[in-house]
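Survey of secondary and tertiary structure
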Amino acid sequence: MENILINTLNITNEDIDSFKTKGFLQIKNFYDKSFIQYIQQKIDEQIASPTDKYQNGFNRLAFDLFEHDPKVEELLKSVEFRKIMYKLTGDIMFFVQAI
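So, a few notes on the structure that sits alongside this text. All residue numbers here refer to positions counted from 1 along the written sequence of the relevant chain. Thresholds applied to this predicted model are a pLDDT of at least 70 for local features of residues and 80 or more for the giving and counting of side-chain atom pairs; totals over whole chains, interfaces and linings are not thresholded and use all residues. By convention in this description, side-chain values take in all heavy atoms of the structure and omit both hydrogens and water.

1. Comments concerning the overall build of the chain
Defined as follows: Counting from the N terminus, the helices are the DSSP runs of H or I reaching at least four residues and the strands are the DSSP runs of E reaching at least two. Burial here depends on accessible area, computed with a 1.4 Å probe over protein chains only, as a share of the maximum for the residue type. Under 20% is buried, over 50% is exposed, and the range in between is partly exposed. Residue contacts are defined here by distance: any two heavy atoms, one from each residue, within 4.5 Å place the two residues in contact. Here the Shrake-Rupley method, with its probe set to 1.4 Å, supplies the accessible areas, and only the displayed protein chains count as covering residues.
Per the secondary structure count, the chain includes four helices and zero strands. In the chain, the succession of helices and strands from N to C terminus is α-α-α-α. Within the span of the chain, comprising 99 residues, buried residues form 23% of the whole. A fraction of 62% describes how many contacts in the chain between residues 6 or more apart in sequence connect residues 24 or more apart. With an accessible surface of roughly 7600 Å², the chain has 53% of that area assigned to carbon and sulfur atoms.

Below, the structure written as structure tokens:
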């Protein structure tokens, strides 16, 4: 199993407050570069570029783009990732359907 998260983060109270206020938290160097490239490649393969002004490319957008994807499942099952999500949300996260 490769390490998708490249560093162990110390989530501060300020980070948690920022996440609760804004709904997101920008964390630089959170994922390994190879994981980012993998996700970008999968998106490029699965979603067509819009073909006209009506954005027909979105007809291919699917909710199951990463369903049963081993790398995404590895991330979602990662103890470190789950700890970080718990610190930010205060809830135990569970995997129902991939992106």
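Moving on, there is more to tell.
2. Digging into the pattern of salt bridges
Test applied: By definition, a salt bridge exists where a carboxyl oxygen of Asp or Glu is found within 4 Å of a side-chain nitrogen of Lys or Arg.
Under the criterion given, the structure shown has one salt bridge. A salt bridge links Lys 42 to Asp 69; the shortest N-O distance between them is 3.8 Å. Of the two residues, Lys 42 sits in helix H2 (residues 33-46) while Asp 69 sits in the loop between H2 and helix H3 (70-77), which places them 27 residues apart along the sequence. Classification of Asp 69 by relative accessible area gives buried; the value is 4%.

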